[in-house]
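For reference, the chains in residue letters:
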Amino acid sequence: MAARPMTADEKRATKERIALHDAYAAVFSGPNAAAVLADLERRGFVHDAQFSAEPGRMQFNEGRRSIVLHIKLMMSQQARESLITALQPELSEGVIENG
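Predicted, not measured: the structure shown is a model, and the values here were computed from it.

Asker: Any chance you could explain unusual backbone geometry here in plain terms?
Answerer: Peptide bonds are trans in most cases, and residues, glycine excluded, mostly fall at negative phi. Despite not being glycine, F45 shows a phi value in the positive range, around 55°. Residue placement: F45 occurs in the loop between α2 (33–43) and α3 (57–75). When its relative accessible area of 22% is taken as the criterion, F45 is described as partly exposed.

Rendered as structure tokens:
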């Protein structure tokens, strides 16, 4: 079954998400980006257990972790390419450029 064509609003939103992916990549590709991202991963418990017996602390820590994982997703070339694939007809018409 073929996918339905995207509406104008869906196309606009997808193009905005691609631009946002590009912005994240630009911010986290500078000379200090690796150190900042490593610090965020450490503080966000991305690679470590986050258990706490303190009420609310696990939820707080999971919030931190969620933000770091979101940043990593937004930096992901694969995630960006999946959005571009969704706009494939528009790309073939030259409506958007690859950033």
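Now, onward.
Asker: Can you walk me through the packing of helix α1 (residues 8–27) against helix α4 (residues 77–86) in this structure?
Answerer: Running from amino to carboxyl end, α1 crosses α4 at an angle of 155°, the nearest separation of the two axes being 10 Å. With respect to α4, the axis of α1 lies roughly antiparallel. Classified by chirality, the crossing of α4 by α1 is left-handed. The segment α1 lies against α4, with T14, R17, I18, H21 and D22 engaging A79, R80, L83 and I84. Class assignment of the residues belonging to the contact of α1 with α4 gives a composition of four nonpolar, two polar and three charged.

Analysis parameters
- Residues numbered from 1 in each chain as written.
- Predicted model: local features only at pLDDT ≥ 70, side-chain atom pairs only at ≥ 80, totals over all residues.
- Heavy atoms only, no water.
- Helix = DSSP H or I, 4+ residues; strand = E, 2+ residues; numbered from the N terminus.
- Buried < 20%, exposed > 50% of the residue type's maximum accessible area, 1.4 Å probe, protein only.
- Axes fitted to C-alpha atoms, helices over the stretch in contact; angles between N-to-C directions.
- Parallel < 35°, antiparallel > 145°, perpendicular 65-115°, else oblique.
- Left-handed = near helix turned anticlockwise from the far one by under 90°.
- Contact = heavy atoms within 4.5 Å.
- Nonpolar A, V, L, I, M, F, W, Y, C, P; charged D, E, K, R; others polar.

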